[in-house]
Amino acid sequence: MSMRKCLVIGAGLAGATAARLLADRGEKVHVIEKREHPGGNCYDEKTNAGVTVHKYGPHIFHTNMTDVWQFCQRFSRFNLYQHRVLSYVDGQLLPFPINRDTVCRLFGVEMGIRDVESFLADEVARSSYREPPENFKDAVISQVGTYLYDKFFHNYTRKQWSADPETLSAEIAGRIPIRSNRDDRYFTDLYQGLPEHGYTAMIESMLDHPSITIEFNTDYFLARSEFDKPGKYDLKVYTGELDKFFDEAYGRLEYRSVKFEFRTVDQEVFQPAAVVNYPNDYDFTRITEFKHMTMEKSKKTELCLEYPSAQGIPSYVVLNQENIGKRQAYLDHVNDLEEQGKALFVGRLAEYRYYNMDQVIASVMNKLK
Ligand code: FAD
Ligand code: UDP
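Quick summary incoming for the structure in this document. Bear in mind the structure is a predicted one, so any value in this text is a computation, not a measurement.

### Notes on the site of ligand 2
Taken together, 16 residues are adjacent to ligand 2, and Thr-157, Arg-175, Tyr-186, Tyr-316 and Tyr-354 come closest. One nitrogen or oxygen atom from the main chain of Phe-153 is found 3.2 Å from an oxygen atom belonging to ligand 2. In the model, an oxygen atom of ligand 2 is placed 3.0 Å from a nitrogen or oxygen of the Trp-161 side chain. A total of 530 Å² of accessible area belongs to ligand 2 in isolation, and the protein chains cover 94% of it. Broken down by element, the shell around ligand 2 gets its largest block of residues, 7 residues, from helix H5 (residues 136–161). Residues of the shell around ligand 2, tallied by class, amount to 11 nonpolar, 3 polar and 2 charged.

### What to know about the site of ligand 1
Ligand 1 sits among 34 residues. The nearest are Glu-33, Asn-41, His-59, Ile-60 and Met-357. Interatomic distance of 3.1 Å between a backbone N/O atom of Tyr-220 and a nitrogen atom of ligand 1. Here an oxygen atom of ligand 1 and a backbone polar atom of Arg-348 are 2.9 Å apart. Relative to its unbound accessible surface of 1,000 Å², ligand 1 loses 96% to contact with the protein. Those elements that place two or more of their residues in the shell around ligand 1 are helix H1 (13–24) and helix H12 (357–367). Residue composition of the shell around ligand 1, grouped by class: 15 nonpolar, 12 polar and 7 charged.

### Some words on the nonpolar core
Within the largest apolar cluster, 105 residues are counted, with the highest numbers of intra-cluster contacts made by Leu-13, Val-29, Phe-61, Phe-152, Phe-153, Leu-242 and Phe-345. With 10 residues, the single largest contributor to this core is H5. For Leu-242, the contacting residues outside a window of four places in its chain are Leu-253, Tyr-255, Tyr-330, Leu-331, Val-334, Phe-345, Leu-349, Ala-350 and Tyr-352. Core analysis: the next-biggest nonpolar cluster, separate from the first, contains 9 residues, Ala-273, Val-276, Ile-287 and Leu-303 among them.

### Quick notes on helix H7 (residues 199–207)
Three or more residues of H7 are buried, namely Tyr-199, Thr-200, Met-202, Ile-203, Met-206 and Leu-207. For H7, the angular spread of buried residues about the axis comes to 165 degrees, placing them on one side.

### Let's talk about the packing of helix H4 (residues 113–125) against H5
Running from N to C, H4 and H5 point in directions that differ by 80 degrees, and their axes come no closer than 7 Å. Judged by the inter-axis angle, H4 sits roughly perpendicular to H5. Between H4, through Phe-119, Leu-120, Glu-123 and Val-124, and H5, the contact on the second element is made entirely by Ile-141, Ser-142, Gln-143, Val-144, Gly-145, Tyr-147 and Leu-148. Split into classes, the residues belonging to the contact of H4 with H5 amount to 7 nonpolar, 3 polar and 1 charged.

### Examining unusual backbone geometry
The linkage connecting Phe-96 with the following residue, Pro-97, adopts the cis geometry, with an omega of 5 degrees. Along the polypeptide, Pro-97 turns up in the loop between strand S7 (92–96) and helix H3 (100–107). In this structure, the amide linkage connecting Glu-131 to the following residue, Pro-132, adopts the cis form with an omega of 0 degrees. The phi torsion at Asn-217 lies on the positive side, around 50 degrees, for a residue other than glycine. Take Asn-217: it is sitting in the loop between strand S9 (212–215) and helix H8 (224–227). Residue classification places Asn-217 among the exposed positions, given a relative accessible area of 57%.

Reading the values: rules and limits
Residues numbered from 1 in each chain as written. Chains lettered and ligands numbered in written order. Predicted model: local features only at pLDDT ≥ 70, side-chain atom pairs only at ≥ 80, totals over all residues. Heavy atoms only, no water. Near = heavy atom within 4 Å. Polar contact = N/O pair within 3.5 Å; in protein donor to acceptor, adjacent residues only side chain to side chain. Areas by Shrake-Rupley, 256 points an atom, 1.4 Å probe, with all protein chains shown as cover. Helix = DSSP H or I, 4+ residues; strand = E, 2+ residues; numbered from the N terminus. Nonpolar A, V, L, I, M, F, W, Y, C, P; charged D, E, K, R; others polar. Core = buried A, V, L, I, M, F, W, Y, C linked by side-chain atoms within 4.5 Å. Buried < 20%, exposed > 50% of the residue type's maximum accessible area, 1.4 Å probe, protein only. Contact = heavy atoms within 4.5 Å. Arc of directions from axis to C-beta. Axes fitted to C-alpha atoms, helices over the stretch in contact; angles between N-to-C directions. Parallel < 35°, antiparallel > 145°, perpendicular 65-115°, else oblique.

Any functional reading would require information beyond the geometric quantities listed.
Below you can see the structure in the form of structure tokens.
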């Protein structure tokens, strides 16, 4: 059987996973990437201070999917980091997601698990929301009530999305657990950590295969007619913005971006956790101090402040009713193309889903089954 010629558009995690899985099964793969580096939004690099920083925001790998974890293990070892986040509320740094200690410290009282459960149930009972929840605000209030929603969620969400939380999908709230125990980890997945030498190195290793070639600074849309020439490629794997591929035929989809401000600070430690959220203060949403998660030692420390923005590299899909409706129209079209076996749409932007890294890999694995 002759090898198929495949074009992969984008060298982020979706593109790299697809390229590798195709190459592993004997296909010939050419990857094009419009940035000057691989890794997409997972890209990281080491600074002069000897600390690896994530140039497009903090990335912590976590999954319950053993096949996804095993796939990653082929390309990198992982450290044992378990993510913890604090939220700056009422002048205190409190554990987030909300757990028993968050509630106790916020109110300055000692409570057991049962006390916290009944406190939350009372809070919910005296709050108003729609059941089943129709949006982000309903979904959070249905679990913690209005008081805690206002302290931890409302302003953060407005800052992050520049939108009324009632216009956002309840699905977003599903990312944040609420706990009555003292578990203060951000994720409880079976497998967690960061690639020992960074995401860039892991993704470079995925792309390192004799059947994979890669071209940087190359935008598919700037030479589309060349790449689309009949007979040039048998399969295209697209990982860019979904609407762009179809010239916005079903309307423009929104993406949210972030401006990252990096700071090197001449002290060993800046804050007590890798990430501190600032729901109610400042214009930025959170400060990341990378050395906590990379476990690197340095006399200096590297920080990243995140300012959400409508302009810039697309980082998030915006899950409101309008975009979800348009997504369906695009995905119907995608299904037709995929059924013909000529194209695959994978990843956060191309599927227009709020995917974590493991979900991106799982989706590629599933579509290439
Ligand atoms: P991308 O990373 O966006 O890659 C797409 C690539 O395609 C890009 O390199 C782009 O330049 C290229 N491209 C697009 N269009 C073209 C074109 N026309 N021609 C050529 N190339 C093109 N996930 C987690 O699991 N844990 C986390 O802690 C986490 N934290 C995050 C924090 C932030 C701030 C953000 C924004 C995301 C985070 N994520 C996290 C999600 C993670 O970044 C994504 O799931 C993953 O990077 C998506 O990979 P992708 O390949 O689908 O998309
Ligand atoms: N969120 C919030 N307060 C917080 C953290 C998160 O209200 O302190 C909300 C906010 O709407 C955010 C969403 O929960 O966009 C998902 O949070 P997550 O930490 O998963 O965001 P990401 O890491 O993807 O930016």
